[in-house]
Amino acid sequence: MGTDRDLHELLRSLRVWDPEVTALPPFDPSAAPTTPLTLFTTWFAEAVAAGQTEPHTMSLATADAEGLPDVRIVMLHGADADGWSFATHATSRKGVQLAGRPYAALGFYWPVLGRQVRVRGPVTAAPTEEARADLHARSTGALAAALTGHQSEVLGSVQELSQASEAAWDRAQREPEATAPSWTLYRLQPEEVEFFQGDERRRHVRLVYRRGEDADGSGKDGGEGSGKDGWGRHLLWP
């Protein structure tokens, strides 16, 4: 069994952005597009092309009724003018938290390129028919998982899960259009999106987009991308 010293030594042995497996591309923030979605789409495609494992996974942070934070890894289902989307049961822990505090943050990390993207803003539930269409566009396994249900509830035994999962898989294969009533598609409408490009000398480039701001952060109209529906862009110290 490992000790605290073993863990400390293991941590000290690790290296960030090993050049053998990591490429740190240049990022010129002055050439960045006026909207964060455009840059996100470009960076996402580059992460895929670079061989990043599961680039569509992201951290989802929410808060409970007492304001205590919670975080977990979920999958990105899409990103467009309606927002960054993900799905879960409305009865799950995160679903309950979003019902009480409909605001969240997302975090993407693509270490193969030394990049992060952070997104935060209010969250709304998509119409039921859109949630169903999203679920049925995914794999049989995804449908079976949704049909299994009981997410975040206390589980009596591994055998109980096995039985419920087998029944759900059988139904998903027999009824590919089966519905899971509590399955919900959520959309986060970003108010702030930050792009982080790592630098081997720790001169990281951080570019943040803030909705409805001018370049100086005043929030006044006047300039490309400004105004209520536009985006202000700012550099941040690393």
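Preceding block: the structure.
Cut-offs used in this document
- Residues numbered from 1 in each chain as written.
- Predicted model: local features only at pLDDT ≥ 70, side-chain atom pairs only at ≥ 80, totals over all residues.
- Heavy atoms only, no water.
- Helix = DSSP H or I, 4+ residues; strand = E, 2+ residues; numbered from the N terminus.
- Buried < 20%, exposed > 50% of the residue type's maximum accessible area, 1.4 Å probe, protein only.
- Contact = heavy atoms within 4.5 Å.
- Areas by Shrake-Rupley, 256 points an atom, 1.4 Å probe, with all protein chains shown as cover.
- Lys, Arg positive; Asp, Glu negative; His and termini not counted.
- Charge placed at Lys NZ, Arg CZ, Asp CG, Glu CD.
- Core = buried A, V, L, I, M, F, W, Y, C linked by side-chain atoms within 4.5 Å.
- Pairing = 2+ DSSP bridges.
- Salt bridge = Lys/Arg side-chain N within 4 Å of Asp/Glu carboxyl O.

Draft legend 1. Focus on the overall build of the protein. In terms of helices and strands, the protein carries six helices and ten strands. The buried share among the 238 residues of the protein stands at 36%. Taking contacts inside the protein between residues at least 6 apart in sequence as the whole, the part at least 24 apart equals 63%. Just so you have it, the protein exposes about 14,200 Å², and 53% of that area is on carbon and sulfur atoms. Across the protein, 24 positive and 33 negative side-chain charges occur, with their mean positions spaced 4 Å apart.

Draft legend 2. Quick look at unusual backbone geometry. Phi is positive for E54, which is not a glycine, with a value near 45°. Position of E54 relative to the elements: it lies in the loop between α2 (36-49) and β1 (57-63). A positive phi angle, near 75°, is found at S152, a position not held by glycine. Counting through the fold element by element, S152 comes out in the loop between α5 (140-148) and α6 (158-174).

Draft legend 3. Representation of the nonpolar core within the structure. Among the nonpolar cores identified, the biggest contains 29 residues, and F108 and V117 are the most heavily contacted of them. Elements with a minimum of two residues in this core: α2, β1, β4 (83-89), β5 (103-110), β6 (115-125), β7 (183-188), β8 (192-197) and β9 (205-211). Dropping the residues within four chain positions of it, V117 is found in contact with F40, W43, L106, G107, F108, W110, V193, E194 and F195. Counting 14 residues, the second-largest nonpolar core is a separate cluster that includes A87, L143, A144 and A172.

Draft legend 4. Geometry of α5. For α5, the set of buried residues is A142, L143, A144, A146, L147 and T148. Packing partners of the buried residues in α5 comprise β4, α4 (128-136), α6 and β7. Two residues or fewer after α5 comes G149, characterised by a positive phi angle close to 65°.

Draft legend 5. Just the pairing of β4, in detail. In terms of burial, β4 is a largely internal element, seven of the seven residues being buried. Strand direction decides the pairing type here: strand β3 (residues 78-80) and β4, joined by three bridges, are antiparallel. By the bridge assignment, A79 is partnered in β4 with W84. Strand direction decides the pairing type here: β4 and β7, joined by six bridges, are antiparallel. Opposite H89, over in β7, you have W183 as the bridge partner.

Draft legend 6. Spotlight on the pattern of salt bridges. Considering all chains together, one arrives at twelve salt bridges under this definition. R115 is the salt-bridge partner of E46, the closest N and O atoms lying 2.6 Å from each other. Of this pair, E46 sits in helix α2 while R115 is found in strand β6, placing the two residues 69 residues apart along the sequence. Residue classification places E46 among the partly exposed positions, given a relative accessible area of 34%. Between R120 and E192 there is a salt bridge, with the nearest N and O atoms lying 3.7 Å from each other. A residue pair is termed long-range when its members are at least 10 positions apart, and R120 in strand β6 and E192 in strand β8 qualify at 72 residues.

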